[in-house]
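Observations on the three-dimensional arrangement
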Amino acid sequence: MAEFLEKQVEVFSLWHGNKYCHYVAGLVGIGLSRLFSASELEDAIVGEDTRLSNSMGLFLQKTNIIRDYLEDQLEGREFWPREVWSKYGKKLSDLAKAENIVPAVQCLNELVTNALQHVPDVLLYLSRLRNQSVFNFCAIPQVMAIATLAACYNNQQVFKGVVKIRKGQAVTLMMDATNIQAVRAIMYQYVNEIYQKIPLTDPSSGRTQNIVTTVQKLSLSNGPLVSRNGLSPIYLSCAMLLAALSWQYLSTVQASEEVHTGQ
């Protein structure tokens, strides 16, 4: 992580961006996965397959970076990789200007598409989990992330304010994300929302369609999607507690990111 203390984030390539996200979030996923296996709550493969654990963290961190464009700009932080945004403007800050909204949204869409590449790994990782508490802890942030990406995709508001999912929507996701079948249904729902919004003229439209189609097929690979049923009051309370812990985890990752970058 020390290499990023002196490196300007704005000059990042996608490779550097992945490496940065690995340090601030991927390593957290790897460490937690090893704990799950060492405690025998989960099978050994969960801790051994570091690629999937890393993808879990990268998916969350990339979603945060995409969503927080304007906030980071106002605070003097730049995390969007130059390799992407330089195709759409001379400076990253230029994307917030009204006259640049078309290329800005195209840049946004390319970054969302890049983040979606991790969803197949997320689904495979979650499919291996057996402990209910571990599953809830891992699944809730992931479904929040896909919902956030769906809200951000092709949305000019990312450059004008804060894009957040509704509180009721968040609570529903917390209650529903209790098994892999339900998570597949949630992923299917939100990538389908993205698919419906893909502009035909968008430079990344083909790549976006390809990854969305891949996720749709994976979501349907083990049979028809199940309905997302409610939980008993007791189980709902437990799920909400786990959701709160998950949000705390996300906040900790963000705080760690700011400390490591010295901002």
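Residues numbered from 1 in each chain as written. Predicted model: local features only at pLDDT ≥ 70, side-chain atom pairs only at ≥ 80, totals over all residues. Heavy atoms only, no water.

Within the element layout of this structure, Trp85 appears in helix H6 (residues 82–85). Assessed through its relative accessible area of 2%, Trp85 is described here as buried. (Helix = DSSP H or I, 4+ residues; strand = E, 2+ residues; numbered from the N terminus. Buried < 20%, exposed > 50% of the residue type's maximum accessible area, 1.4 Å probe, protein only.)

The contact between helix H8 (residues 119–127) and helix H9 (residues 132–152) brings their axes to 11 Å, and the two run at 160°. With respect to their mutual orientation, H8 and H9 come out roughly antiparallel. The crossing of H8 and H9 is left-handed. For the pair formed by H8 and H9, the contact residues are Val119, Val122, Tyr125 and Leu126 on the first element and Phe135, Cys138, Ala139, Gln142 and Ile146 on the second. (Axes fitted to C-alpha atoms, helices over the stretch in contact; angles between N-to-C directions. Parallel < 35°, antiparallel > 145°, perpendicular 65-115°, else oblique. Left-handed = near helix turned anticlockwise from the far one by under 90°. Contact = heavy atoms within 4.5 Å.)

In total, this model carries eight salt bridges according to the counting rule given. Two residues, Glu71 and Arg77, come together in a salt bridge whose shortest N-O distance is 3.8 Å. On the accessibility criterion, Glu71 (45% relative accessible area) is partly exposed. On the accessibility criterion, Arg77 (7% relative accessible area) is buried. Across the pair Glu110 and Arg207 runs a salt bridge whose closest N-O atoms are separated by 3.8 Å. (Salt bridge = Lys/Arg side-chain N within 4 Å of Asp/Glu carboxyl O.)

Bringing the environment of Glu193 into the picture now. Secondary-structure assignment places Glu193 in helix H11 (residues 180–197). Classification of Glu193 as partly exposed rests on a relative accessible area of 34%. In this structure the C-alpha to C-alpha distance between Glu193 and Ala147, which are 46 residues apart in sequence, comes to 9.4 Å.

For the rest of this paragraph, the subject is the packing of H11 against helix H12 (residues 205–220). To describe two helices that pack against each other, one gives the angle between their axes and the distance between the axes. Viewed as axis vectors pointing N to C, H11 and H12 meet at an angle of 155°, and their least axial separation amounts to 9 Å. Overall, the two elements H11 and H12 adopt an arrangement that is roughly antiparallel. Relative to H12, H11 is oriented so that their crossing is left-handed. Each of Arg184, Met187, Tyr188, Val191, Asn192, Ile194 and Tyr195 in H11 lies in contact with H12, whose residues at this interface are Thr208, Gln209, Val212, Val215, Gln216, Leu218, Ser219 and Leu220. For the contact of H11 with H12, the class distribution of residues is nine nonpolar, five polar and one charged. (Nonpolar A, V, L, I, M, F, W, Y, C, P; charged D, E, K, R; others polar.)

Of all residues in the chain, 78% have pLDDT values of 70 or greater, and the mean over the chain is 86. The model gives residues 229–237 a pLDDT under 50, and that stretch makes nine contacts with residues more than four places away or in other chains. (pLDDT = per-residue confidence, 0-100.)

Our focus in this paragraph is unusual backbone geometry. Unlike most non-glycine residues, Glu40 shows phi in positive territory, near 65°. Among the structural elements, Glu40 can be located in the loop between helix H2 (14–38) and helix H3 (44–48). Residue Glu40 is classed as exposed on the basis of its relative accessible area, which comes to 71%.

The nonpolar side chains of soluble globular proteins are, as a tendency, buried together. Ranked by size, the top nonpolar core spans 71 residues in total, and within it Trp80, Leu95, Leu126 and Phe159 carry the most contacts. Among the elements that take part in this core, H9 stands out by supplying 14 residues, more than any other. Not counting the four nearest positions on each side in its chain, Phe159 is found in contact with Tyr69, Leu70, Trp80, Leu95, Ala96, Ile101, Ala104, Val105 and Leu108. (Core = buried A, V, L, I, M, F, W, Y, C linked by side-chain atoms within 4.5 Å.)

Taken as a whole and assessed by the stated rule, the structure comprises four aromatic pairs. Aromatic side chains Tyr20 and Phe79 sit 5.7 Å apart centroid to centroid with 25° between the ring planes, which places their arrangement in the stacked category. Remark: Phe79 occurs in the loop between helix H5 (69–74) and H6 and Tyr20 occurs in helix H2; sequence separation between them is 59 residues. On the numbers, 5.9 Å between centres and 80° between planes, the contact of Trp80 with Phe159 is edge-to-face. (Phe/Tyr/Trp six-rings, centres within 6.5 Å; stacked < 30°, edge-to-face > 60°.)

Taking 1.5 Å as the rise per residue, H11 with 18 residues should run 26 Å; its terminal C-alpha atoms sit 26 Å apart, in good agreement. For H11, every residue scored as buried is listed here: Ile180, Ala182, Val183, Arg184, Ala185, Ile186, Met187, Tyr190, Val191 and Ile194. Elements in contact with the buried residues of H11: helix H7 (101–116), H8, H9, helix H10 (167–176) and H12. (Expected span 1.5 Å × (residues − 1).)

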